[in-house]
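# Observations on the three-dimensional arrangement
What follows is each chain in one-letter form.
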Amino acid sequence: MPRLREQKWNITHKRVPTLTLKRKLAILSDAAKYDASCASSGAPKRDSRGGKGVGSSGPGMGICHAYAPDGRCISLLKLLLTNFCVYDCAYCVNRVSSNVPRARFTVEEVVDLTLGFYRRNYIEGLFLSSGIIRNADYTMEQMVQVARSLREVHDFRGYIHLKVIPEASPALVNQAALYADRVSINIELPKDESLAALAPEKDVVVIKKAMGAVRLGVEAGQEKGRKARPPPFAPAGQSTQMIVGADTATDGAILKRSEGLYGAYRLKRVYYSAFSPIPDSSSRLPLERPPLIREHRLYQADWLMRVYGFDRAEIIGETEDLDLAIDPKLAWALRCRGDFPMDVNTADREQLLRVPGLGVRAVDRLLDVRRFKRLTLADVKRLSRGIETLKPFLVAADWSPGQLLDRADLRARLEPRQLDLF
Ligand code: SF4
């Protein structure tokens, strides 16, 4: 039997080796670390006050930590149901042709672990993904069983994030979204042709179809004015993950893909995961991981699109890469110096959000305070971080940047301060 077929046969038919729960946990929490798309922000509030149910998704949300191998405090128990997989995605350490230790939880084991960790105050919820065992439906059914048992048998009110297998039947995807707070479907790679080349069993059309179905379900659940309120359907929405640096896609192409996904499927988040070189990997993959700062700059640019009102085309052209030395907001401001300086006492919110060094919270505070007084540079300094980055771009009651904006060395003066976000 050829090697790959033999490996698939083993995964489908062979008995799962007997491992201790601790060993399984070590393997399957480590295997889940490559999944970045597990932040829990935006989840509805559930709680168990009044003695009903187990858990709460209210306080402390927005944090996503994975299980640490030494068992210390985490916020989400982040696991794979199994790292056996019959697919052969070249960029994935769990692909069928990979020679890694394998393990598989039963449904009951994941449920017990989640409840046990929750009761010991280690976690606030569960993030569950999986390799594909037997087929997409079989695997998805197992993941749904975990969520169903937690919700229906144990009245678990903590956060649940399920990774949806796009090839699973729509009925199972639907069930997953009825039990989970958030679901995510990985788009995997920025370019369709890369997906076809590196993940032969995956199909971008199928992935997008599944995302479209989730979008419709989420929107139906949020429809106002319906007489009968439908059951919550992924109330924290859907997200996706894209691997960065496994193919030749530019940052511009990556962000264009994200822009399209946000528009078409109303995703809450696109997560960018820097490609990690894996053992025995294909020669089609790079030998080194991209610099982590690239992932960081992509998140910053994504944030500008989602929160700061920038169009992707303002930030970057499709064939370009982001400047790694400075954040994309400062890069934009340096290119568009004619739009500055902004007067902090008269500019509207949208304009102030474009000032490098001013974040959403600072802008909202400045708008509040300026109802009562004319803002000085000291006021701005109190409400923001990085006043030196701000000064060339801002006019205040007692401050004007003069010729500072036109200085040829402005970028060089600001660049060393650019390790922080915005
Ligand atoms: S389907 Fe998922 S787990 Fe399986 S090889 Fe592909 S990326 Fe890895």
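Criteria and thresholds
Residues numbered from 1 in each chain as written. Predicted model: local features only at pLDDT ≥ 70, side-chain atom pairs only at ≥ 80, totals over all residues. Helix = DSSP H or I, 4+ residues; strand = E, 2+ residues; numbered from the N terminus. Buried ≥ 20, exposed ≤ 12 C-beta atoms within 10 Å, placed from the backbone. Contact = placed C-beta atoms within 7 Å. Pairing = 2+ DSSP bridges. Axes fitted to C-alpha atoms, helices over the stretch in contact; angles between N-to-C directions. Near = placed C-beta within 6 Å. Nonpolar A, V, L, I, M, F, W, Y, C, P; charged D, E, K, R; others polar. pLDDT = per-residue confidence, 0-100. Core = buried A, V, L, I, M, F, W, Y, C linked by C-beta atoms within 7 Å. Domains from an automatic or database assignment. Parallel < 35°, antiparallel > 145°, perpendicular 65-115°, else oblique. Left-handed = near helix turned anticlockwise from the far one by under 90°. Expected span 1.5 Å × (residues − 1). Arc of directions from axis to C-beta.

Take the overall build of the protein chain next. In terms of regular secondary structure, the protein chain is built from 16 helices and 8 strands. When the 422 residues of the protein chain are sorted by exposure, 44% land in the buried category. A separation of at least 24 residues holds for 69% of the contacts in the protein chain among residues at least 6 apart in sequence.

What the 6 strands build is an open sheet, ordered E1-E2-E3-E4-E5-E6; its pairing is parallel. Edge positions in the sheet fall to strand E1 (76-80) and strand E6 (269-274), since each of these pairs with one other strand and no more. Ignoring which end each strand starts from, the neighbouring axes of this sheet average 20 degrees apart. Here helix H8 (residues 251-265) sits on the sheet in contact with strand E5 (238-244) and E6, set at roughly 165 degrees to E5.

Looking at the ligand, the residues that line it are Cys85, Tyr87, Cys89, Cys92, Asn94, Arg95, Gly131, Ile132 and Ala199. Residues belonging to the shell around the ligand are distributed by class as follows: 6 nonpolar, 2 polar and 1 charged.

Take the confidence of the model for the protein chain next. Per-residue pLDDT for the protein chain averages 87, and the proportion of residues at 70 or more is 84%. Between residues 56-64, whose pLDDT stays under 50, and residues either more than four places distant or in other chains, the model counts 32 contacts. The low-confidence segment residues 66-74 (pLDDT under 50) makes 17 contacts with residues lying over four places distant or belonging to another chain.

Below, the discussion takes up helix H2 (residues 21-31). Buried residues of H2: Lys24, Leu25, Ile27, Leu28, Ser29 and Ala31, and no others. Next to the buried residues of H2 lie E1.

With an omega of 0 degrees, the peptide bond between phenylalanine 340 and proline 341 qualifies as cis. The topology assignment puts proline 341 in the loop between helix H11 (328-335) and strand E7 (342-343). The backbone of glutamate 188 sits at a positive phi, close to 70 degrees, despite the residue not being glycine. Looking at where glutamate 188 falls in the secondary structure, it is placed in the loop between strand E4 (182-184) and helix H6 (192-198). By C-beta crowding, glutamate 188 is classed as buried, having 22 other C-beta atoms within 10 Å.

With that settled, consider the nonpolar core. Ranked by size, the top nonpolar core spans 105 residues in total, and within it Ala147 and Ala176 carry the most contacts. Sorting elements by how many residues they give to this core places helix H4 (residues 136-153) first, with 7 residues. Counting the residues that make up this core, at least three belong to each of domain 1 (3-239) and domain 2 (328-417).

The geometry of H4 relative to helix H5 (residues 170-179) is characterised by a closest axis approach of 9 Å and an angle of 25 degrees between their N-to-C directions. Between H4 and H5, the interaxial angle falls into the category roughly parallel. Judged by the twist between their axes, the crossing of H4 over H5 is left-handed. Where H4 abuts H5, its residues Asp137, Met140, Glu141, Met143, Val144, Ala147, Arg148 and Arg151 lie against Leu172, Gln175, Ala176 and Tyr179. Here the contact of H4 with H5 is composed, by residue class, of 7 nonpolar, 1 polar and 4 charged.

This brings us to helix H7 (residues 204-222). With 19 residues, H7 extends 27 Å between its outermost C-alpha atoms, agreeing within 8% with the 27 Å of an ideal straight helix rising 1.5 Å per residue. Every buried residue of H7 is accounted for by Ile207, Ala210, Met211, Val214, Gly217 and Val218. On an axial view of H7, the arc spanned by its buried residues comes to 120 degrees, and they lie on one face. Looking at H7, the residues exposed on the side facing more than 90 degrees away from the buried face are Val205, Gly212, Leu216, Glu219 and Ala220. Contacts made by the buried residues of H7 are with H5, E4, E5 and H8.

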